[in-house]
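Observations on the three-dimensional arrangement
The primary structure of each chain is shown beneath.
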Amino acid sequence: MTESNYDEIMQLLCDRLSGLTNSDAQITPETNMISQLSIDSIKLLNLIMEIEDTFDVSIPINALTDIHTVRELADLVHKIKSAS
Amino acid sequence: MNLLEKLDAAAAARKSLLPNGVGAFGIPIEEIYSATEARIGDRRVLLLGTNNYLGLTFAPECIRAAHEAIDKEGTGTTGSRMANGSYFGHRALEREFAEFYQCGFGIVFTTGYQANLGTISGLVGPGDTVLIDGDSHASIYDGCILSGADIIRFKHNDMVDMEKRLRRLGDRVETTLIIAEGIYSMLGDQAPLAEIVKLKNAYNCILLLDEAHSLGVLGETGQGLVEKTGLLKEVDFITGTFSKSLCSIGGFCVSNHPQLEQLRYISHPYIFTASPSPATIASTRAALVLLSKGSDLRMQLWNNCTQLYSQLKETGYLLGPDPGPVIAAILDTPQQALQLWQSLLEHNIYVNLILPPAAPEGKSLVRCSVNAAHTPEQIKYVGDTFSKLYNTI
Ligand SMILES: Cc1ncc(COP(=O)(O)O)c(C=O)c1O
């Protein structure tokens, strides 16, 4: 998968997260979704469904245990998409 | 933040949702008078927030059976089913559950929570997949996490969404377990079982249905959604709890697959916990008889359900899609829900308050659970009170 796809994933995540958070914090790849954006677990799970549909992949929610930052989530989606 | 400070932060967040120390969660019940009434503080309240669907908590047959079991077998088994905790009653109840569901095999667990943990983690493991409804109960989520399988959620009761996710799994469907619930506990709606079964067969998966809230409530003999839809033979594993219509505590899984028996040797939530007490098993056995013969109780229950559901709907409350014993008023904000909950308590009515993120889609719920022991007058009083309060929220 190409670099532009990775950018596309990152862009989508940042856009969607800014819609989900009440925080004014600037969203960067290093932003922590839970502690900085206060995204609750259900919102995050629903976001995963949306990403699955956008990129036509299966993202198991148990893979989220180690995911804290936007970059980590983008890496996970990218890895799964590349393997599919 | 250290561990204790993290808990303080969580406590502060909870307090900001529930000002003035309102005890909506874990409210102290001082005395319990009957299946429908109790004392909270100095109020005698109507209980509309229990899972006592058939109203059997004081059924004389069950109380007698529990007394006799305590006298004969003592207060506890003090051991695992695997060791010294499989008494005659435990084995008899397993046979009775299997017969009740016309299945070959049945296992009793210590709680319904553990029935889901034990069954799911016994059926799937790392490398397998579970496809679960987005609104699944925490025991299903926790069972999936314990199993180590990959967890994929589909949108609540949305079969187009479910099929899309099945298709994406490709060859992995062969080791996929689909999980749904007979009646969902938040909004009281039922799973579209016929369509789930169709997809399960088309993709050749295994299906587990949790009948926790539908046992005793749906179907001629109270088997649940499998009986109401005539799809008993199509569901691979059924789990359920004793803690709702059976009025005790414990859980079960039944199946026609002999492999269910293997769970007794591999399932930690079955093995590493003490078996249910003799009194619990005895009252559950008596309650299962009452439940299966209880079509009059079910008729009474459903009369109450439709009466309250239609009155709340006519008043203008936004409710879940299906009438049933779980009737949830859906409110936009936690403040509205809290206010309604508190006003109902001031009118001597206890219901459940459910705030985000526990309630679906960021909404808040004021949830009633109707039971067969409620009188038409009690139901009318509750309906009238909801109507009176409608304009105050
Ligand atoms: C859908 C569902 N499954 C399982 C359980 C767990 O049952 P128990 O109370 O026996 O642990 C519950 C009860 O809260 C439930 O609502």
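Residues numbered from 1 in each chain as written. Chains lettered and ligands numbered in written order. Predicted model: local features only at pLDDT ≥ 70, side-chain atom pairs only at ≥ 80, totals over all residues. Heavy atoms only, no water.

1. Section: the sheet that holds strand β10 (residues 251-255) of chain B
Residues and elements named next belong to chain B.
- Spatial strand order, β4-β10-β9-β8-β7-β5-β6: seven strands in an open sheet with mixed pairing. What marks the edges here is a single partner per strand, and that holds for β4 (105-109) and β6 (150-154). Each strand of the sheet is rotated relative to its neighbour by a mean of 20°, with strand direction disregarded.
- Both β4 and β10 contribute to a ladder of five bridges, which runs antiparallel. Considered in β10, the bridge of F105 is made with S255.
- Along the sheet face, helix α3 (residues 88-100) touches β4 and β10 and points at about 130° away from the line of β4. (Pairing = 2+ DSSP bridges. Helix = DSSP H or I, 4+ residues; strand = E, 2+ residues; numbered from the N terminus. Axes fitted to C-alpha atoms, helices over the stretch in contact; angles between N-to-C directions. Contact = heavy atoms within 4.5 Å.)

2. Observations regarding the interface of chain A and chain B
- Contacts between the two partners involve 14 residues from chain A and, on the opposite side, 16 residues from chain B.
- For the pair chain A and chain B, the summed buried surface comes to about 1300 Å²; carbon and sulfur atoms form 51% of the total.
- Of all residues in chain A, the largest losses of buried area upon contact with chain B belong to M49, D53 and I61 of chain A, amounting jointly to 37% of the total for that side.
- Across the chain A-chain B interface, the total number found is five salt bridges.
- Counting every contact that joins chain A to chain B gives 11 residue pairs in polar contact (both at pLDDT 80 or more). (Buried area = accessible area lost by both parts, 1.4 Å probe. Salt bridge = Lys/Arg side-chain N within 4 Å of Asp/Glu carboxyl O. Polar contact = N/O pair within 3.5 Å; in protein donor to acceptor, adjacent residues only side chain to side chain.)

3. Quick word on the site of the ligand
All names here are of chain B.
- Inspection of the region around the ligand gives 14 residues, with G112, D210, H213, T241 and K244 positioned closest.
- Within the side chain of H137, one N or O atom sits 3.1 Å away from an oxygen atom of the ligand.
- For the ligand, an oxygen atom lies 2.5 Å from a polar atom in the side chain of T241.
- Protein contact buries 84% of the 390 Å² of open area that the ligand shows by itself.
- Here the shell around the ligand gets three residues from one element, more than from any other, and that element is helix α4 (residues 112-123). (Near = heavy atom within 4 Å. Areas by Shrake-Rupley, 256 points an atom, 1.4 Å probe, with all protein chains shown as cover.)

4. Here we look at the pattern of salt bridges
- Per the stated rule, a full pass over the model turns up 20 salt bridges over all chains.
- The salt bridge partner of E31 of chain B is R39 of chain B, with a shortest N-O separation of 3.0 Å.
- The exposure class of R39 of chain B is partly exposed, given its relative accessible area of 26%.
- Linking E261 of chain B and R264 of chain B is a salt bridge whose minimum nitrogen-to-oxygen distance equals 2.8 Å.
- Via salt bridges that share partners, E52, D53 and D56 of chain A together with K155, D161, K164, R165 and R168 of chain B belong to a single interconnected network. (Buried < 20%, exposed > 50% of the residue type's maximum accessible area, 1.4 Å probe, protein only.)

5. A short note on the layout of surface pockets
All names here are of chain B.
- Computed from the structure, the second largest pocket encloses a volume of approximately 400 Å³.
- Lining the second largest pocket we find 20 residues, and of these F25, L353, I354, L355 and A358 sit closest to its centre.
- Among the elements of the structure, α1 (3-17) and β13 (352-354) are those that each provide at least two residues to the lining of the second largest pocket.
- Residue contributions to the lining of the second largest pocket peak at four residues, all from α1.
- When the residues that make up the lining of the second largest pocket are grouped by side-chain class, the tally is 14 nonpolar, four polar and two charged. (1 Å grid on protein atoms, 1.4 Å probe; cavity = no way out; pocket = protein on both sides within 12 Å on 5 of 7 lines; lining within 4 Å. Points joined across faces, edges and corners; volume = space filled by probe spheres on them. Nonpolar A, V, L, I, M, F, W, Y, C, P; charged D, E, K, R; others polar.)

6. Considering the domain arrangement of chain B
Residues and elements named next belong to chain B.
- What the domain assignment lists for chain B is domain 1 (13-47 + 294-392) and domain 2 (60-292).
- Once you take the C-alpha centre of each, domain 1 and domain 2 turn out to be 27 Å apart.
- Tallying the contact residues gives 18 residues for domain 1 and 19 residues for domain 2.
- Interface area lost by domain 1 to domain 2 is led by R298, D322 and V326, which between them contribute 37%.
- Here domain 1 and domain 2 share nine residue pairs in polar contact (both at pLDDT 80 or more) between them.
- If you list the elements that add at least two residues to the side of domain 1 that touches domain 2, you get α12 (295-315), β11 (326-331) and β14 (364-369).
- If one sorts the elements of the side of domain 1 that touches domain 2 by residue count, α12 sits on top with four residues. (Domains from an automatic or database assignment.)

7. Quick look at the packing of aromatic side chains
Residues and elements named next belong to chain B.
- A complete count under the given rule lists seven aromatic pairs over all chains for this structure.
- A network of ring pairs unites the aromatic residues F97, F100, Y101, F242 and F252 as a single cluster.
- The ring of Y33 carries the charged tip of R44 above its face, separated from the ring centre by 4.0 Å. (Phe/Tyr/Trp six-rings, centres within 6.5 Å; stacked < 30°, edge-to-face > 60°. Lys NZ or Arg CZ within 6 Å of the ring centre and 35° of its normal.)

8. So, the pairing of β11 of chain B
Residues and elements named next belong to chain B.
- In terms of burial, β11 is a largely internal element, six of the six residues being buried.
- The side-chain alternation of β11 yields two buried faces, one formed by V326, A328 and I330 and the other by I327, A329 and L331.
- Pairing of β11 with β14, which is carried by six bridges, proceeds in the antiparallel orientation. When the bridges of β14 are listed, L331 appears paired with S364.

9. Digging into the packing of α3 of chain B against helix α11 (residues 278-292) of chain B
Residue and element names in this part refer to chain B.
- Running from amino to carboxyl end, α3 crosses α11 at an angle of 20°, the nearest separation of the two axes being 9 Å. Classified by the angle their axes make, α3 and α11 are roughly parallel. Seen from above, α3 lies across α11 with left-handed handedness. Contacts between α3 and α11 pair F88, G89, H90, A92, L93, E96, F97 and F100 from the former with I281, T284, R285, L288, L291 and S292 from the latter.
- When its residues are assigned to classes, the contact of α3 with α11 shows eight nonpolar, four polar and two charged. (Parallel < 35°, antiparallel > 145°, perpendicular 65-115°, else oblique. Left-handed = near helix turned anticlockwise from the far one by under 90°.)

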